[in-house]
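If you want the building blocks of each chain, they are given just below.
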Amino acid sequence: MEDPARLKEEGNKYFQANDYENAIKSYTKAMKLAMDKSLQAVLYRNRAACFLKKESYAQAASDASKAIDISASNIKALYRRSQALESLGKLDQAFKDVQRCASIEPHNKNFQETLRRLGAKIQDKLHIQFSTDARVQNMFEILLDLNSEKEKREKAANNLIVLGREEAGAERIFQNNGVKLLLQLIETKNPEMILAAVRTLSGMCTGHKARATAILHLLGIDKICMWMAVDNEEISMAVCNLLQVITDSLSGEGEKEQHGKEAALVLDTKKDLKMITMHLLDMLVSKKVSGQGRDQALNLLSKNIPRKDLRLPDNSKTIFVIDSGLKKILKVVGQVPELPNCLPLTENTRMIASILLNKLYDDLRCDPERDNFREICEEYIKSKVDPQDMDKTLHAVQTVSGIMQGPFDLGNKLLGMTGVMEMMVALCGSEREIDQLVAVEALIHASTKLSRATFIITNGVTLLKEVYKKTKNEKIKIRALVGLCKLGSAGGTDYGLRQFAEGSTEKLAKQCRKWLCNTGIDIRTRKWAVEGLAYLTLDADVKDDFVEDKPALEAMFELAKTSDKTILYSVASTLVNCTNSYDVKELVPELVQLAQFSKQHVPEEHPKDKKDFVLKRVKRLLKAGVISTLACMVKADSAILTDQTKELLARVFLALCEDPKDRGTIVAQGGGKALIPLALEGTDVGKVKASHALAKIAAISNPDIAFPGERVYEVVRPLVSLLNTERDGLQNYEALLGLTNLSGRSDKLRLKIIKEKALPDIENYMFENHDQLRQAATECMCNLVVNKEVQDRFVADGNDRLKLIVLLCGEDDVKVQNAAAGALAMLTAAHKKLCHKMTQVTTQWLEILQRLCLHEKLEVQHRGLVVAYNLINADQELAKKLVESEMLEILTLIGKQADDSKKQHVINVARECLVKCMDYGLIKPFSQA
C-alpha cells in the first residue's frame with residue numbers, strides 16, 4: 001500500500017516542476033489513503049494551489065473550503081480561496097477571507113495590500129452597479145419613447161445589446177424588469193427594435209442556465225416560435241440564435257463557471273428542451289410559418305438533436321424526433337413548390353430537411369432502429385400514392401427524391417418499393433411539365449453511385465434522352481441533361497472508364513456552360529447546370545475548357561453568392577475537380593503489371609491531370625476571384641453547409657495555397673479569415689487540410705494582416721493539431737514555421753501556444769533526425785523562451801531542456817545553431833540560475849561556447865558573445881572559469897579589433913565582457929600589466 005506522505009512529497013515535486021496535472025493526481029491518490037485530518041487539510045490546500053495555476057477557480061475554491069472545514073485557521077487555504085473567489089468575481093467573499101488572514105497575521109504586508117486592493121475593487125463594482133441601473137432605465141425610456149430621435153434610439157439599442165452580453169449588465173437588466181420592457185419593444189413591430197430586443201435577450205441567456213430558464217418561461221415558447229415564423233430573414237435568424245443560446249444554456253453547453261448560489265441551484269431542464277423540440281416540429285408543417293422560419297426550425301433541429309459524438313451512448317433525442325416528427329420532416333421534403341397547396345418554402349428548405357433526415361439516420365445505433373425509420377418512410381410514401389390524384393403521387397416521388405439527397409442507402413431501398421420506379425417512368429411520359437420536372441430530378445438523385453445505379457444506367461439513359469428530345473421546356477431540358485452528365489461521369493477520373501463516346505462529354509459540358517451564363521433562365525434552373533459540371537469536370541478536358549471560360553466561371557461564382565445555398569456542394573465539387581484536390585490512389589508499378597498480365601482494368605491518368613496543367617488551372621481560378629467566392633460560401637449559416645462540403649472547401653483552399661507567391665492574394669481577399677472555421681469544425685480530413693492551408697499562410701504572412709484582431713488566437717489550435725506523429729513531415733514542418741512566426745509577435749500569442757500544450761511537441765521535434773524539422777522546432781523555441789512560463793520550465797530541476805539547447809548550439813547546421821544560440825542568450829540573460837546550470841549540464845559547454853564566439857556568421861557569433869557576457873555578469877566564479885580558459889584570448893582578440901560598422905555590435909559585446917572582468921579584478925588593463 002502506498003504511503004500518503006510520500007505521495008504528498010511526490011506531488012510537491014511535480015508542483016515545483018510546473019507539472020500541475022501530475023501533482024493533482026498525486027495529491028488525489030494521497031487523499032484517498034490519508035487518515036490524518038491535518039494531512040488531509042494540507043493535501044486539499046496543495047491541490048487548490050494546482051487548480052489556481054490551471055485557472056480552474058471553482059475547483060480551487062472548493063478544495064480550499066474543504067481544507068478550511070478541517071482547520072478553520074488554515075491561513076494558506078484561506079488566502080488561496082480568496083484568490084479563487086476574486087477570479088470568480090465574488091469580491092465580497094474574497095474580501096472576508098483576506099480579512100480573516102489579516103486578523104491571524106496582522107503584520108503581513110501582502111494581506112494588507114490585498115485588502116486595500118479588494119476594497120477598491122468592491123467600491124468600483126458598486127459604483128458601476130448603481131450607474132448601470134440608471135443607464136438601463138435611461139435606455140428603455142429612449143427606446144420606448146416613439147418621439148425620441150432615430151439616432152438616439154439606435155445608439156440606445158446598440159448599448160443595450162452590448163450590456164446584455166456582460167454578466168453584470170445582463171443581471172441588472174433582468175433584475176430591473178428588463179424582460180417585460182424588452183417584450184414591449186418587440187410588440188412595437190418595428191424591425192430595428194425587435195432585433196435589438198432579441199439580441200439583448202440572447203446576450204442575457206448566454207451561459208446562464210437559471211436566467212435562460214426564467215426568460216424562456218417569461219416569454220413563452222409559443223411567442224418565440226411566432227417571432228421566428230415571420231417572413232423577415234434577419235429577425236428570423238436573430239430569434240433562431242436566441243433559441244440556440246437558450247438550448248445551449250439549458251443543456252449546459254458553453255456554461256460559464258459559477259460558484260455559490262447559482263451552482264447550488266439544480267434545474268431539471270429536460271422538460272423545457274422537449275417542449276422546444278415539439279414546437280419546432282410543429283412549425284415544420286404549419287402554413288403560418290414563413291419559408292425563413294421553417295429553415296431556421298430545421299437548422300435548430302439539425303444542430304441540437306443528433307449526437308455531436310457518435311461514441312456517446314444516448315441517442316434518445318433522435319428516437320423521440322423520429323417517433324414524434326419524422327412524418328412532419330418527410331412532408332417538408334416532399335413539397336413541390338409549383339403545386340398550389342405547397343407550404344411556404346425558400347430555395348434551401350427541402351435540402352436542409354434532407355440533411356436533417358441524413359443526420360437522424362446516421363445517429364441510429366442498430367438495425368431495429370434503422371428498420372423503424374425505413375418503415376415510417378415506407379408507410380408515409382404508400383399513403384401518398386394515389387392513381388386518381390396525380391398531385392399526391394407527385395408528392396410521394398418528390399419525398400423519395402428528397403430522401404435520396406439525404407440517407408442514400410435508405411433512398412435506394414425505397415426506390416425498390418413496388419411501384420416507385422414505375423411511377424417515375426410514368427411521370428417522365430406525362431403531358432404535365434411539373435410531372436416531368438419532378439420525375440427527372442428523382443432520376444438524377446437515384447443515379448448517385450455507379451455500383452448501385454445499374455438499373456438507372458440501363459433504363460435511365462433512354463428515359464432521359466427521350467425527355468430531352470421531346471420537351472420544349474428549358475427547365476426540364478437542363479435537368480435531363482444533368483442526369484445524362486451524371487451517368488456519363490460514372491467512371492470518375494479514370495480516363496479509361498468513359499461511359500459515353502469520345503467528345504460527348506465535352507458537348508454536354510459546353511451546353512451546361514451555355515445555360516450557366518444565360519441570365520434569362522431562373523437561378524434554380526441555372527443551378528442544375530453547375531450540378532452537371534460537378535460531374536463532368538471529373539474529365540480533364542472539360543475542367544481545362546471550363547477554367548478557360550471566364551464568363552462561365554464568373555457566372556458560377558455569382559450563383560454561389562446568392563441566397564440559394566443548395567448550390568454549395570455542386571460548386572465545391574466542381575472546384576475540387578478543377579484543382580485536382582481529391583484523393584488519388586497511388587499505383588504500385590508491380591500491381592499495375594500484374595493487373596495488365598491478368599487482363600484487369602488499370603486506372604489511367606489523363607495527360608491534362610498532370611501537375612503543370614493543375615497549376616495553370618489554379619492560377620486562372622485565383623485570377624477569376626475564387627477566394628472571395630469561397631469566403632462567401634464558408635459564411636453560409638445553414639445546415640446545408642455540411643461537414644462534407646466544408647471538407648471540399650478545405651481541399652480547394654489547400655490546393656490554392658500551394659504556391660507561396662499566391663498566398664498574399666489569398667490573404668488580401670479574406671482567405672485566411674475564411675479558413676479558421678474550416679480548421680475548427682467538420683470532418684477530420686477537412687480539419688487537417690484547412691489547418692495545413694492555415695499553416696502555409698501563417699508561415700510566410702504577417703499575422704496582423706492575415707488574421708486581424710482576435711482572430712490570430714484562433715489560428716494557434718489548428719497549427720498545434722498538426723504537431724502530431726500521424727501527420728506527415730511537411731504538415732509538421734509548416735505548422736512549426738507558422739507557430740514560429742506567431743510566437744514572434746506577442747507574449748499573449750506565446751501564452752496561447754503554451755496553453756494549447758504545444759511545448760512538449762515542439763521539444764520532441766528538436767530531437768528529430770530530420771534537419772528541417774529540428775531547425776524549425778529550435779527556431780520556434782527561440783521565440784518562445786522570451787515567455788516567463790517557458791523560462792520557469794528551464795529553471796525547474798529534473799529536466800534536460802537546457803542541456804538540449806546547449807548541445808544544439810554545437811550542431812553543424814548553421815540555422816539550428818543560430819536559433820539555439822538565440823534561445824540560450826535569452827535564457828541566460830533572464831536567470832542567473834541558468835548561467836550556473838549551463839556549466840553543469842554537459843562537459844562540452846565551454847568548447848561549444850568557444851565555437852559560437854569564433855563562428856564565421858556574425859549573427860551566431862554575436863549570440864555566443866552575449867551568452868559569454870551573461871555568464872560573466874551573473875557571477876564572479878563563472879567569470880573566473882571563462883578567464884582561466886581560452887575564452888579570454890578569444891574575447892581579447894575580438895575586443896582589440898578596429899571599429900567596423902558591419903560587426904560593431906560583436907566587437908562591443910566582447911569589450912563589455914572584458915570591462916566586466918576588469919571590474920571583478922580578474923584581468924588588468926594592458927598598460928598596468
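Owing to the predicted nature of the structure, the values given are computational and were not obtained by experimental measurement.

This part is about the packing of aromatic side chains. Using the criterion set out here, one finds 3 aromatic pairs in the structure. With a centroid separation of 5.2 Å and 70 degrees between ring planes, the pair formed by Tyr361 and Phe373 is classed as edge-to-face. Taken together, the residues span a long stretch of sequence, with Tyr361 in helix H19 (residues 349-362) and Phe373 in helix H20 (residues 367-384) at a distance of 12 residues. Take Tyr361 and Phe373: they sit in the same class, and that class is buried. Across from the ring centre of Phe613, 5.6 Å away, lies the NZ or CZ of Lys616, which sits over that ring.

Moving on, we get to the packing of helix H8 (residues 150-165) against helix H11 (residues 191-205). Packing of H8 against H11 brings their axes to within 7 Å, and their N-to-C directions diverge by 15 degrees. Considered as vectors, H8 and H11 are oriented roughly parallel to each other. Note that H8 runs across H11; the crossing there is left-handed. Across the interface between the two elements, Lys150, Arg153, Glu154, Ala157, Leu160, Ile161, Gly164 and Arg165 from H8 touch Glu192, Met193, Ala196, Arg199, Thr200, Gly203 and Met204 from H11. Tallied by class, the residues present in the contact of H8 with H11 amount to 6 nonpolar, 3 polar and 6 charged.

Within the sequence span of helix H9 (residues 167-175), burial applies to Gly169, Ala170, Arg172 and Ile173. Looking down the long axis of H9, one finds its buried residues gathered within 165 degrees of arc, a one-sided arrangement. Backbone geometry just downstream of H9 places Asn177 in the positive-phi region, at approximately 65 degrees.

Here Asn304 shows up in helix H17 (residues 291-304). A residue is classified by how much of its surface remains accessible, and Asn304, at 12% relative accessible area, is buried. Of note is the side chain of Asn304, whose polar atom sits 2.8 Å from the backbone oxygen of Leu300. In contact with Asn304, not counting residues within four places along its chain, are Gln244, Thr247, Asp248 and Lys317.

This paragraph deals with the pattern of salt bridges. The tally for this structure, following the rule as stated, stands at 48 salt bridges. The shortest N-O distance in the salt bridge between Glu338 and Arg524 comes to 3.0 Å. Placement of the pair is Glu338 in the loop between helix H18 (316-333) and H19 and Arg524 in helix H28 (residues 523-536), with a sequence separation of 186 residues. Overall, the relative accessible area of 38% leaves Glu338 in the partly exposed class. A relative accessible area of 26% means that Arg524 is categorised as partly exposed. Note that Asp704 and Arg745 form a salt bridge whose closest N and O atoms lie 2.7 Å from each other. With a gap of 41 residues between them, Asp704 in helix H39 (residues 703-706) and Arg745 in the loop between helix H41 (729-743) and helix H42 (747-755) connect regions that are remote in the sequence. Judged by its relative accessible area of 47%, Asp704 falls in the partly exposed class. When salt bridges that share partners are traced, they join Glu338, Glu441, Arg479 and Arg524 into one network.

To continue, consider the confidence of the model for the chain. Predicted coordinates in regions of low pLDDT should not be interpreted in detail. In this model, the chain carries an average pLDDT of 86, and 91% of its residues clear a pLDDT of 70 or more. Predicted confidence is poor over residues 449-453, with pLDDT under 50, and the contacts of this stretch with residues over four places away or in other chains come to 9 contacts. Taken together, the stretch residues 491-501 has pLDDT below 50 and engages in 26 contacts with residues farther than four places along the chain or on a different chain.

Excluding glycine, residues mostly have negative phi values, and the peptide bonds linking residues are mostly trans. If you check the backbone angles, Asn18 has positive phi at about 65 degrees while not being a glycine. Its location among the elements puts Asn18 in the loop between helix H1 (4-16) and helix H2 (20-33). Even without being glycine, Lys189 reaches a positive phi, approximately 70 degrees. Within the fold, Lys189 resides in the loop between helix H10 (178-186) and H11. What makes Lys189 exposed here is its relative accessible area of 66%.

Here Asn783 shows up in helix H44 (residues 771-784). Sequence separation between Asn783 and Asn190 is 593 residues, and the spatial gap between their C-alpha atoms is 54 Å. Aside from chain neighbours lying at most four places away, what touches Asn783 is Thr740, Ser743, Gly744 and Arg750.

Moving on, we get to the nonpolar core. The biggest cluster of nonpolar side chains holds 263 residues, and the ones touching the most others in it are Phe373, Leu516, Leu630, Ile762 and Met781. The contacts of Ile762, once residues within four sequence positions are left out, are Leu723, Leu736, Ile753, Ala777, Cys780, Met781 and Leu784. Grouped together as the second largest cluster of nonpolar side chains are 33 residues, Leu39, Leu43, Ile75 and Tyr79 included.

Once that is clear, we can look at the packing of helix H38 (residues 684-700) against H41. Packing of H38 against H41 brings their axes to within 7 Å, and their N-to-C directions diverge by 45 degrees. By the criterion of interaxial angle, the relationship of H38 to H41 is oblique. With respect to the hand of their crossing, H38 and H41 are arranged in left-handed fashion. Within the contact between the two elements, H38 uses Val688, His692, Ala695, Lys696, Ala698, Ala699 and Ile700 and H41 uses Leu730, Gln731, Glu734, Ala735, Leu737, Gly738 and Asn741. Looking at the contact of H38 with H41 residue by residue, the classes come out as 8 nonpolar, 4 polar and 2 charged.

Definitions and cut-offs
- Residues numbered from 1 in each chain as written.
- Predicted model: local features only at pLDDT ≥ 70, side-chain atom pairs only at ≥ 80, totals over all residues.
- Heavy atoms only, no water.
- Phe/Tyr/Trp six-rings, centres within 6.5 Å; stacked < 30°, edge-to-face > 60°.
- Helix = DSSP H or I, 4+ residues; strand = E, 2+ residues; numbered from the N terminus.
- Buried < 20%, exposed > 50% of the residue type's maximum accessible area, 1.4 Å probe, protein only.
- Lys NZ or Arg CZ within 6 Å of the ring centre and 35° of its normal.
- Axes fitted to C-alpha atoms, helices over the stretch in contact; angles between N-to-C directions.
- Parallel < 35°, antiparallel > 145°, perpendicular 65-115°, else oblique.
- Left-handed = near helix turned anticlockwise from the far one by under 90°.
- Contact = heavy atoms within 4.5 Å.
- Nonpolar A, V, L, I, M, F, W, Y, C, P; charged D, E, K, R; others polar.
- Arc of directions from axis to C-beta.
- Polar contact = N/O pair within 3.5 Å; in protein donor to acceptor, adjacent residues only side chain to side chain.
- Salt bridge = Lys/Arg side-chain N within 4 Å of Asp/Glu carboxyl O.
- pLDDT = per-residue confidence, 0-100.
- Core = buried A, V, L, I, M, F, W, Y, C linked by side-chain atoms within 4.5 Å.

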